[in-house]
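Residue-level structure breakdown
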Amino acid sequence: MEELYKQIAAYEGQEITEAMSRILDDNEFARWLYGTTSKRLPKLVQKAILTRLKHSKNPRHVLDMYLTYPFLRQTKRASITKLDIHGMENLEHKVAGKPHGQLFLTNHRDIILDAAMLAFLLDHKAHTRIYIGVGNNLFGRQWIEDAMRACGCFAVIRNGNPRDLLSYSETLSGYISERQHAGFSLWLAQREGRAKDGDDRTQPALLKMLTLAGSGSVFEDMKNLHITPVSISYEYDPCDYLKARELQLKRDKPDYVKTTMEDMQSMQIGLCEMKGEVAYTVTPCINDELDVLAQQAADLPRNEQLRLCAELIDNHIFRGYQLAWTNYAAKEMLEGYTDERFETYLQGQLDKIVMPDGVEKDVPFLREKILELYANPAINQHKILEQDNKTPV
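So, here is what we can say about the structure in this document. (Residues numbered from 1 in each chain as written. Predicted model: local features only at pLDDT ≥ 70, side-chain atom pairs only at ≥ 80, totals over all residues. Heavy atoms only, no water.)

1. Looking at the overall build of the protein
Counting its regular elements, the protein contains 16 helices and 9 strands. For 393 residues, the compact-globule formula gives about 21 Å, and the C-alpha radius of gyration of the protein, at 21 Å, lands near that figure. Taking the principal axes of the C-alpha coordinates as reference, the protein spans close to 60 × 55 × 40 Å. For the protein, contacts bridging at least 24 residues in sequence account for 78% of all contacts bridging at least 6. Just so you have it, the protein exposes about 18,900 Å², and 51% of that area is on carbon and sulfur atoms. Positive and negative side-chain charges of the protein, numbering 49 and 56 respectively, have mean locations separated by a distance of 6 Å. (Helix = DSSP H or I, 4+ residues; strand = E, 2+ residues; numbered from the N terminus. Rg over C-alpha atoms; globule rule 2.2 N^0.38 Å. Contact = heavy atoms within 4.5 Å. Areas by Shrake-Rupley, 256 points an atom, 1.4 Å probe, with all protein chains shown as cover. Lys, Arg positive; Asp, Glu negative; His and termini not counted. Charge placed at Lys NZ, Arg CZ, Asp CG, Glu CD.)

What follows is the structure, encoded as structure tokens:
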């Protein structure tokens, strides 16, 4: 990997072995693992993993087979009742006869599992491995950064002055382009941070960053990324009450900023607590639609072109939702109907919310925010399907 990308790139080769050695010696990692899986990683297993890593030509494969995938399988058994992936026919492995990666853009529900389970499914179903973009704000501990970058994550740097952030963005754009041209696919969330209200919208600023390494034409640069939107659907979001809590804290304390410990709590709850049925839908690459959009919006300002591209991605994600009963129930409750099953679940989540000293718990607000989180996917899908039916063929 070029020296230019060292600060953000996923670890490769010997870097993975060195990172795992540091991680396995970290007492905080041991405590986190114990709290997440109810068992420690035996020293004998640690030694075996390191030995295999040192002698492997593909250390990431070793890491996945002996640590990452067993961990994800255990998570699935404990907290996912059904795991599906749809739209596998939309995977592309070559462009003009040459290997080329796709850029999977998804809605964002869970800090770890959104990308981790997609990577797991794509590897097992299609032997497609992906690199995963992670905000460096989640690298609150050295072992967390080491673990993520060893498992194929690259850093999306979000702190610094405007000049530094522009430089980081240009570097990231170049890294993504380089990985794709080397035949690898990548994952990014459609926005910075998880959608706290379930209203999944792609940030035009993200698309602007992705095109920084391009030629200057929005639509051509977007086509070169081979963006393939993916919808992620959870029956239950175990962090729903934490997201509602965060929304109230941001409303009542404008200077509120989540701590590293709060992010770690969200990671652990997202992994451990019940998610029920989880589904991924790989939708078609947007390139054909970009050709049409380029003709319709050729004379529009660049920012408006980026907004239209973001809207196109959103519509793919809305159509791809595999909605659960929780989505329909929440939508009906916002419309004034009752659903006793969801009401019981909702009350249980509200009871978990504890506000810090000096902040009064606003139950009606919190209730509404959890309902919106589940209802908005159903609302957005209904709107786009209604729009599709009105569009002349």
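2. Let's talk about the packing of aromatic side chains
Inspection of the entire model under this criterion finds 11 aromatic pairs. When the ring of Y236 is compared with that of W325, the centres are 6.3 Å apart and the planes differ by 80 degrees; the resulting orientation is edge-to-face. With Y236 in the loop between β8 (227-234) and α10 (240-252) and W325 in helix α14 (residues 325-334), this residue pair connects regions lying 89 residues apart in the sequence. When its relative accessible area of 16% is taken as the criterion, Y236 is described as buried. Where W325 meets F342, the ring centres are 6.0 Å apart and the plane angle is 80 degrees; that geometry is what we call edge-to-face. (Phe/Tyr/Trp six-rings, centres within 6.5 Å; stacked < 30°, edge-to-face > 60°. Buried < 20%, exposed > 50% of the residue type's maximum accessible area, 1.4 Å probe, protein only.)

3. Overview of the side chain of D263
Structurally, the position occupied by D263 is in helix α11 (residues 260-272). Looking at D263, the relative accessible area reads 8%, which means it is buried. Once residues lying within four places of it in the same chain are set aside, the contact partners of D263 are I111, N137, L138 and K258.

4. Some words on the nonpolar core
Core analysis: the largest hydrophobic core is formed by 95 residues, its most contacted members being M20, L207, M222 and Y280. Counting residues in hydrophobic clusters, the runner-up holds 25 residues, among them Y236, I269, M355 and I370. (Core = buried A, V, L, I, M, F, W, Y, C linked by side-chain atoms within 4.5 Å.)

5. Comments concerning the sheet that holds strand β5 (residues 130-135)
One open sheet holds the 7 strands; their spatial order is β1-β9-β8-β4-β7-β5-β6, and the pairing between them is mixed. The open sheet has two free edges, formed respectively by β1 (80-86) and β6 (153-156), since each of these has just one partner strand. Across the sheet, the axes of successive neighbouring strands diverge by a mean angle of 25 degrees, strand direction being ignored. Packing against the sheet, helix α4 (residues 59-79) makes contact with β1, β5 and β9 (276-282), and its axis sits at approximately 125 degrees to β1. The strands touched by helix α13 (residues 302-320) within the sheet are β4 (103-106), β8 and β9, with β8 carrying the most contacts at an inclination of about 40 degrees. (Pairing = 2+ DSSP bridges. Axes fitted to C-alpha atoms, helices over the stretch in contact; angles between N-to-C directions.)

6. Looking at helix α1 (residues 14-24)
Residues of α1 that are buried include every one of I16, T17, A19, M20, I23 and L24, and no others. Down the axis of α1, the sector holding all buried residues measures 165 degrees, keeping them to one side. (Arc of directions from axis to C-beta.)

7. Regarding the packing of α10 against helix α16 (residues 363-390)
With their axes 9 Å apart at the nearest point, α10 and α16 run at an angle of 125 degrees to one another. Regarding the angle of α10 to α16, the classification is oblique. Remark: the crossing between α10 and α16 carries right-handed chirality. In this structure, α10 contributes D240, Y241, K243, A244, R245, L247, Q248 and R251 to the contact, and α16 contributes F365, L366, K369, I370, L373 and Y374. When grouped by side-chain class, the residues that make up the contact of α10 with α16 number 8 nonpolar, 1 polar and 5 charged. (Parallel < 35°, antiparallel > 145°, perpendicular 65-115°, else oblique. Left-handed = near helix turned anticlockwise from the far one by under 90°. Nonpolar A, V, L, I, M, F, W, Y, C, P; charged D, E, K, R; others polar.)

8. Brief notes about the pattern of salt bridges
Counted by the stated rule, this structure contains 27 salt bridges. Ionic pairing is found between E262 and R245, a salt bridge with its closest N-O pair at 3.3 Å. With E262 in helix α11 and R245 in helix α10, the pair connects residues that are 17 residues apart, well separated along the chain. Using a relative accessible area of 16% as the deciding quantity, one classes E262 as buried. Taking relative accessible area as the criterion, R245 reaches 16% and is therefore assigned buried. The partner of D388 in a salt bridge is R319, and the shortest N-O contact between them spans 2.7 Å. Of this pair, D388 sits in helix α16 while R319 sits in helix α13, placing them 69 residues apart in sequence. Note on D388: relative accessible area 28%, which makes it partly exposed. Overall, R319 belongs to the partly exposed group, its relative accessible area being 35%. (Salt bridge = Lys/Arg side-chain N within 4 Å of Asp/Glu carboxyl O.)

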